[in-house]
Structures are given as C-alpha cells and as structure tokens.
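Now for the letters of each chain:
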Amino acid sequence: MDTSLPHVVVVGAGFGGLRTVHCLRNAAVRITLVDRRNYHLFQPLLYQVATAGLGPTDIAQPVRAILRGQRNLEFRLAEMTGVDFAAKTLKTSTGDIPYDRLVLAVGGETNFFGNASLDRNAFGLKDLDDAVRIRNHVLYMFERAVHENDPEARRALLTFVVAGGGPTGVECAGAFSELIRLVLIKDYFGLNIKDVRVILLEGSNSLLPMFPEKLREAAAGTLWKKFVEVRFGALVADYDGHTVTLKSGERIPAETMVWAAGVRAVGVVDRLGLPQDRQGRVKVTATLQVADHPEVYVIGDVASAEMGNGQAYPMVAQVALQQGRLAAANMVRSLRGGGPAEFRYRDPGTLATIGRNAAVARLGRLQFRGWFAWAMWLAVHIVFLIGFRNRLLVLINWAWDYFFYDRPIRLIMHDGNCPWERCLRVSPGCATPPVK
C-alpha cells in the first residue's frame, strides 16, 4: 500500500463504517478500519438470537471476509481509547494510529439513564453477548420453573418483562410470546401456560412513535392477540433482579427484564472533549464534521446531526448508511480542494414485525399491516444481510420455524464450572459473561 497517500482512519465496522470504506474503495487514499470486534453485526436481528430464532453466526460476518477484495484497506482489531486532535492521532488498545482524515462510527449502547439497579440487573440488547445471555437466561427460567413447587415463585420465573415500546421492544415482546407459546410449552409440558406472562412496559401512551397512529394502534392490538400485556404510562423506577417497581408504586415479581427503552452513544466519546447532546452523541455540522476539527467526521448512532425540525436524526441503520456515503464523498471532495455537501436524509420508510404473519410498514405515504407488511419485513432483512451464507441460513431457519413451529437453537451455553445462577448473572469467571 502506498504510504504517501492520505490516510483515512475509520473507527467502527457497523453499517456506517462499512459503507464509508466501501465508498472509498476507488479513491486515492489508504484506509485503516478499526473495530474492537472482528465481525460486522446485523443488529436489527439481535432479538432473534435472544429468542432462539437464529444463531449468533447467522447475523454476523467477519470483517476481513467482507473487505478482502479492497486493496487500499487494512483492518486492525483494537479498541479506541481516545483521540489526540492536535496531533491527529487515534489512541487505541494496540497503539497510536496517525490520520489525515478520521471517521468516528463507533455506534451506540444501552442507556439506563443513570439507574444503577437497571444497569446491574436488567438485560440490554446491543451485542451478540447480550443476545446469548438473554437466550441462556430465558431457557434456564423454564428449567427452574418446571421443578419449582411454590406457585408464586414459579409465576415470577415465568414472567418476562420488556421495557420500551420502540421497534426493539415490540419485536422482542412478540418473539418472546411466540417462543414460549408455540415452542417451549411443548418442551415443558408439565407447566401451566396460564403461569406465563410477557409484559411490555411503555412510558408514553403509544407504541412505535415513528409510525402513524393507525399502525401504532394496530401493533398494540396484535400484541394483545399474541398474549402480550401492553402497559402504557408505565415508568420503571427500580429492578432488583426479582421485582420490577414502577414509579406508580406497583410491583411486578419477575426474574427477567429486558431494557429496550433507551440508547446512547458509546461511552468512549464522553472522553473526547467534544460537544454532546443528552444522548451522548457528538454534535456535528450539516456536513457531518466536527466544527473545530473539519478533518474529523462523525456518523451513525454517535452523530447528533439536526433535521429541519431541530431534532437529531434517528439512530437507525439507514441514517448510518447514508451518512457513511456522504462522509466518503466529502472526504474525496476535500482532498481535491472542493467544498463539502450537506447531509439530507432520504427516508425509505420504517418496518417493525410483531411476530408470525404480523408487522407494520410505512413507506412514504403508504401504510401496510398484517401479512403483506410481514412478508415485506422478511424480504428487506434478507436483502440487507451481508453474505450469501447468512441470507441462506436465516431463510432456512425462518422457514423451519414457520412451517414446523420449532426453533432449533434452544441452547443454554456455559462452561460448566459454576452454578447456573452465577454463570447467568454475576460470575466474572464464566464463559457466559455476566449481565453487568
């Protein structure tokens, strides 16, 4: 690789980072892509790993395999620890990397809003480790419940609470209900299905705020039909691992809680000294650059770029993809002496599935729900998965589940060296990492 070429360093191999380096494949630059993981994760399907619908390798693809044909790029497995903007140097766990242009696409993490009890005891859902922990835990709750003689304790083991009425929460709650009522209840035939509760807590008065009202109402109605208890105006005050306490004072005995009610930029950006919004996202100009450091671009979940209404763009994959394309184009313009273009988001629409044969879709002014929206959701997610193998495996798993009401990836993974309770929640020595 020609070391005399301008050096572009991209941090993060998510949707935005990969799109950036792909758009620079023919540019006269040398690229270093840095990520703490050696794989690209298709996050929209994480909840399917958590609910035993897919395996971890079905939604992840090695970065080197994705980019092996790009000759102006090298990959470094490392974690970003900071940036020296004056020296134009990226600080990482494996050493410093000088840059001429820097793209920060480090993504987001679960936001517990400073609530220590949630941070300690609730499950987030932002990475493969999170999804596998949830799958382990849910399956183990059934293993415990089938031998539990105390009816109250058994009901708590079989109560699954999801907090957050956005797409992740809705999809997760629907998938939990179908996993339990269509699959697990056949495995654990000694259990009474009436003991099982799936509860979706939403602090506002509606689900899926990015959808039109009719689709929001349809989503709530479909969840009820799938035996999910949808609770509006339900704000969580505390969770000790055994009981969910709402701000109203109500207490819900539950051994499982998935927190899908908040997301923020990853914590490392807090140490960069850049202006941030309340979600920790870096404030950038309309051209996706940091105001005082125009050689630095910030995209995706970590970027706070304002729309015309003063709100920041949503933290979704399509925003990251389009910002990655613009960041690459602006870098090429700057290297040629031209001026940058401003970001204009083209909204392709929004999809959310609620389970088998049920979804909602908004495509411009068009609105769909039911089977057609569900089929559209399936097709879109298959298309956007990276790698033919992954597409084929996901399609096979979905078809198997659809026709045989079975999810074959019902595996509890641990190293066998510790008690189950410690392996699932608190032991730092387990192969299955602790919740926190």
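Residues numbered from 1 in each chain as written. Predicted model: local features only at pLDDT ≥ 70, side-chain atom pairs only at ≥ 80, totals over all residues. Heavy atoms only, no water.

A. Summary view of the pairing of strand 14 (residues 236-239). As paired elements, strand 14 and strand 15 (residues 243-246) share three bridges and run antiparallel to each other. What sits directly across from Val236, in strand 15, is Leu246. Linking strand 14 back to strand 15 in an antiparallel pair, the connection comprises three residues, with Gly241 at a positive phi of about 95 degrees. (Pairing = 2+ DSSP bridges. Helix = DSSP H or I, 4+ residues; strand = E, 2+ residues; numbered from the N terminus.)

B. Up close: unusual backbone geometry. Not every positive phi belongs to a glycine, and Asn357 is a case in point at roughly 60 degrees. Its location among the elements puts Asn357 in the loop between strand 23 (350-355) and strand 24 (358-363). A relative accessible area of 29% means that Asn357 is categorised as partly exposed. If you check the backbone angles, Tyr405 has positive phi at about 50 degrees while not being a glycine. In this fold, Tyr405 is placed in the loop between helix 11 (388-404) and helix 12 (420-426). Relative accessible area serves as the criterion here: at 37%, Tyr405 is assigned to the partly exposed category. (Buried < 20%, exposed > 50% of the residue type's maximum accessible area, 1.4 Å probe, protein only.)

C. Spotlight on the packing of helix 10 (residues 371-384) against helix 11. Contact geometry of helix 10 with helix 11 gives a least axis separation of 9 Å together with a crossing angle of 150 degrees. Taken together, the axes of helix 10 and helix 11 lie roughly antiparallel to each other. Residues Trp371, Trp374, Trp377, Leu378, His381, Ile382 and Val383 of helix 10 pack against Arg391, Val394, Leu395, Trp398 and Tyr402 of helix 11. Taken together, the residues of the contact of helix 10 with helix 11 break down into 10 nonpolar, one polar and one charged. (Axes fitted to C-alpha atoms, helices over the stretch in contact; angles between N-to-C directions. Parallel < 35°, antiparallel > 145°, perpendicular 65-115°, else oblique. Contact = heavy atoms within 4.5 Å. Nonpolar A, V, L, I, M, F, W, Y, C, P; charged D, E, K, R; others polar.)

D. Quick peek at the sheet that holds strand 9 (residues 101-104). One open sheet holds the six strands; their spatial order is 5-2-1-9-21-20, and the pairing between them is mixed. Each end of this open sheet is capped by a strand with a single partner; those strands are strand 5 (73-77) and strand 20 (289-290). Bridging between strand 20 and strand 21 (residues 293-298) involves two bridges; their strand directions are antiparallel. Bridge pairing links Val290 to His293 in strand 21.

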